[in-house]
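Listed here are the chains, written in short residue letters.
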Amino acid sequence: MAEQTLKITGGQPLHGEVCVQGAKNSALPMMAAAMLCKDACVLHNVPQLTDVWAASRILNSLGCSCVLRDGQAEIRTDGIHSFEIPDEDMRRMRSSIMFLGPILGRMGACTLTMPGGCELGPRPIDLHLDAMRKMGVHISEQGSRILCRAEGLHGARITLPFPSVGVSENVMMAAVLAKGETVLTNAAREPEIVDIANFLNQCGAQIHGAGESTICIQGVKGLHGTSYTVMADRIAAITWMCAAAATGGRITVSGVNPADLEAALAAMESAGCQLGISGNRIYLDAGRPLRAVRYLRTMPHPGFPTDGQAIMMAVLACAEGTSVIEETIFESRFMHVGELLRMGARIRISGHTAVVHGVSHLHGAELSAMDLRGGAALAVAAVGAQGETLLHGLHHIDRGYENFAETFNSLGGKVQRILF
Ligand code: UD1
């Protein structure tokens, strides 16, 4: 069967402005959270992504109605009749686990299967289930199905062993309609959590402390509908800045909150890029030459985001000197390295650490995207490389980027989507 492939002709410095898309990692849980509202919700700035379509399909399969149009999602929940997430959707999209908290909150029960694949190494859901148990959910297994049942959710004191983004969001979403107060400690502090809390509070929820390590949620009787604009995608912003940096170009990314990007901006600066910030715009002028970053470690927010690791590595592959990158969040997040090596990069992996010896340039090659951000990283490497690259596995990239090829081209890149 023909496969969607990108044909990328490298070597053109990228120049221009990108208005950053809405955040995938905010839009997906927010679509799930809308289930908790009795009235309709309209979400704006929802990116057009295959993962968003998958979330919409889940809502529809539960009996809700989700209509996606012109960057909006209109979600109505009055027809909700099911609490089972279809296995096909669980396999297709790992973030379908984000429906667990909202379905439990709304229906008092949820049936699901394990999220599929092992794109970034094992991605267990034990922390999600443990947190739900503390809120009064009884969990049993029936073949491959996981049955979660609650005789009325109640508030709880929950301390996470690791500040998991998804678990923090699921607890918040389950707790807003639970009886009593939930106190979540060692919560993740990602900006998307704040965005979801703001959305829920606008619907009448009582969530305090989102964005800090302790979040308190006072259960309320019901939520009303609202209209809400999803925040900008931090990782897309990093991607476009890195693409400009890899080509020796200049870019302005707009619509973002620079405070959400501090660690990434610090890394770009230490790589020799010049930055200017004005309101919700960031201007980046690539370092010429780029410099190695001595040590970059992925960490929960406000540290350097794991989702930006591969993309930054693509930039550092051509920086002067040796960069050391440690991945601390996911087990197998170096799958892009083998592909970068085919382009002439010099990278050595030892456990969770990649040692990147900068080379003068990369060359085009035939490559495969193995995961979303790794795929984006290969495209970034390819626009900066000499010659032509064929990048297969575009379906991974379409999960998270809206108009991927078009955005490169609007900046002067030569990127073509072909059937291969
Ligand atoms: C979210 C983001 C993803 C990002 C990640 C870390 C969404 C839709 N996805 O994913 O893009 O890379 O945060 O910033 O927002 N873990 C367990 N057991 C669990 C849950 C998680 O062991 O039950 C582990 C994971 O395997 C991983 C670590 O915790 O090693 C971090 O995962 P988590 O923060 O939960 O990431 P996600 O919410 O899946």
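Since the model is a prediction, treat every value here as computed from it, not as a measurement.

What counts, and where the lines are drawn
Residues numbered from 1 in each chain as written. Predicted model: local features only at pLDDT ≥ 70, side-chain atom pairs only at ≥ 80, totals over all residues. Heavy atoms only, no water. Helix = DSSP H or I, 4+ residues; strand = E, 2+ residues; numbered from the N terminus. Rg over C-alpha atoms; globule rule 2.2 N^0.38 Å. Buried < 20%, exposed > 50% of the residue type's maximum accessible area, 1.4 Å probe, protein only. Contact = heavy atoms within 4.5 Å. Areas by Shrake-Rupley, 256 points an atom, 1.4 Å probe, with all protein chains shown as cover. Lys, Arg positive; Asp, Glu negative; His and termini not counted. Charge placed at Lys NZ, Arg CZ, Asp CG, Glu CD. Phe/Tyr/Trp six-rings, centres within 6.5 Å; stacked < 30°, edge-to-face > 60°. Expected span 1.5 Å × (residues − 1). Pairing = 2+ DSSP bridges. Axes fitted to C-alpha atoms, helices over the stretch in contact; angles between N-to-C directions. Near = heavy atom within 4 Å. Polar contact = N/O pair within 3.5 Å; in protein donor to acceptor, adjacent residues only side chain to side chain. Nonpolar A, V, L, I, M, F, W, Y, C, P; charged D, E, K, R; others polar. Domains from an automatic or database assignment. Arc of directions from axis to C-beta. Parallel < 35°, antiparallel > 145°, perpendicular 65-115°, else oblique. Core = buried A, V, L, I, M, F, W, Y, C linked by side-chain atoms within 4.5 Å. Salt bridge = Lys/Arg side-chain N within 4 Å of Asp/Glu carboxyl O.

A. The arrangement of the overall build of the chain in detail. Helices and strands together make up the secondary structure of the chain, namely 14 helices and 23 strands. In terms of overall size, the chain behaves like a compact globule, its C-alpha atoms giving a radius of gyration of 21 Å where 420 residues would be expected to give roughly 22 Å. In terms of overall dimensions, the chain has a C-alpha envelope of 65 × 45 × 40 Å along the principal axes. Counting every position in the chain, which comprises 420 residues, the buried fraction comes to 58%. Contacts in the chain between residues at least 24 apart in sequence constitute 73% of all its contacts with a sequence separation of at least 6. Carbon and sulfur atoms provide 49% of the accessible area of the chain, an area that totals close to 16,000 Å². Looking at the chain, you have 34 positive and 39 negative side-chain charges, and the mean spots of the two groups are 1 Å apart.

B. Main features of the packing of aromatic side chains. Evaluation of the coordinates by the stated rule reveals six aromatic pairs. Ring geometry for Trp240 versus Tyr401: centroids 6.4 Å apart, planes at 80°, classification edge-to-face. One end of the pair, Trp240, is in helix 8 (residues 234-246); the other, Tyr401, is in the loop between helix 13 (394-398) and helix 14 (404-410), with 161 residues separating them in the sequence. Like Tyr401, Trp240 is buried. Between Phe404 and Phe408, the ring centres sit 5.0 Å apart and the planes meet at 85°, which makes this aromatic pair edge-to-face. Of the two residues, Phe404 and Phe408 are both situated in helix 14; the distance of four residues between them amounts to about one turn of the helix.

C. Inspection of helix 7 (residues 191-202) at higher detail. The end-to-end C-alpha distance of helix 7 is 17 Å, a good match for the 16 Å that 12 residues give at a rise of 1.5 Å each. Inspection of helix 7 places Pro191, Glu192, Ile193, Asp195, Ile196, Ala197, Phe199 and Leu200 among the buried residues, and these make up the whole buried set. Immediately beyond the C-terminal end of helix 7, within one or two residues, lies Gly204, with a positive phi of roughly 110°.

D. The sheet that holds strand 21 (residues 366-368), seen in detail. Spatial ordering of the open sheet is given by 21-22-1-23, a layout of four strands whose pairing is mixed. Unpaired on one side and paired on the other, strand 21 and strand 23 (414-419) mark the two borders of the sheet. In this sheet, adjacent strand axes meet at a mean angle of 25° when their direction is disregarded. Sheet strands in contact with helix 12 (residues 372-384) are strand 1 (4-9), strand 21, strand 22 (388-392) and strand 23, and its direction is about 170° off that of strand 22.

E. Examining the site of the ligand more closely. Lining the immediate environment of the ligand, one finds 18 residues, of which Asp126, Ser164, Gly166, Asp307 and Ile329 sit closest. Leu127 places a main-chain nitrogen or oxygen 2.8 Å from an oxygen atom of the ligand. When the ligand sits alone it has 740 Å² of accessible area, and the protein chains cover 83% of it. Looking at the shell around the ligand, the elements with two or more residues in it are helix 5 (126-134) and helix 6 (165-175). With three residues, the top contributor of residues to the shell around the ligand is helix 5. In the shell around the ligand, the residues fall into eight nonpolar, six polar and four charged. Taken domain by domain, the shell around the ligand gets at least three of its residues from each of domain 1 (4-20 + 232-419) and domain 2 (24-229).

F. Region of interest: the side chain of Thr389. Within the element layout of this structure, Thr389 appears in strand 22. In terms of polar contacts, Thr389 uses its side chain to reach the backbone amide nitrogen of Ala365, at 3.4 Å. For Thr389, the contacting residues outside a window of four places in its chain are Leu6, Lys7, Ile8, Met343, Gly364, Ala365, Leu367 and Ala382.

G. Representation of helix 9 (residues 262-270) within the structure. Along helix 9, the residues that are buried comprise Ala264, Leu265, Ala267 and Met268. Each buried residue of helix 9 lies within a common arc of 160° when the element is viewed along its axis, so the set occupies one face. On its buried side, helix 9 packs onto helix 8, strand 15 (274-278), strand 16 (281-285), strand 17 (295-297) and helix 10 (309-316). Immediately beyond the C-terminal end of helix 9, within one or two residues, lies Gly272, with a positive phi of roughly 100°.

H. Fine view of the packing of helix 4 (residues 100-107) against helix 6. Running from amino to carboxyl end, helix 4 crosses helix 6 at an angle of 10°, the nearest separation of the two axes being 7 Å. Compared by their axis directions, helix 4 and helix 6 come out roughly parallel. Every residue of helix 6 that contacts helix 4 at Leu100, Gly101, Pro102 and Gly105 is listed here: Asn170, Met173 and Ala174. A class-by-class count of the residues in the contact of helix 4 with helix 6 yields four nonpolar, three polar and no charged.

I. Representation of the nonpolar core. Core analysis: the biggest nonpolar cluster contains 78 residues, and Phe99, Cys148, Phe199 and Leu200 have the highest contact counts within it. In contact with Cys148, not counting residues within four places along its chain, are Leu100, Leu104, Gly108, Ala109, Cys110, Leu112, Leu129, Val137, His138 and Ile139.

J. Examining the environment of Gly321 more closely. Tracing the chain through its elements places Gly321 in the loop between helix 10 and strand 18 (322-326). When its relative accessible area of 38% is taken as the criterion, Gly321 is described as partly exposed. Sequence-wise, Gly321 and His357 are 36 residues apart; in three dimensions their C-alpha atoms are separated by 6.0 Å.

K. Inspection of the domain arrangement of the chain at higher detail. Assigned domains of the chain: these are domain 1 (4-20 + 232-419) and domain 2 (24-229). Once you take the C-alpha centre of each, domain 1 and domain 2 turn out to be 30 Å apart. Taken together, the contact between domain 1 and domain 2 spans 24 residues of the former and 19 residues of the latter. Where domain 1 touches domain 2, the interface holds two salt bridges. Across the salt bridge formed by Glu192 and Arg234, the nearest N and O atoms sit 2.9 Å from each other. The tally of links between domain 1 and domain 2 comes to seven residue pairs in polar contact (both at pLDDT 80 or more). Of all the secondary structure elements, the ones that give two or more residues to the side of domain 1 that touches domain 2 are helix 12 and helix 13. Broken down by element, the side of domain 1 that touches domain 2 gets its largest block of residues, three residues, from helix 13. Taken together, the residues that form the side of domain 1 that touches domain 2 break down as eight nonpolar, five polar and 11 charged.

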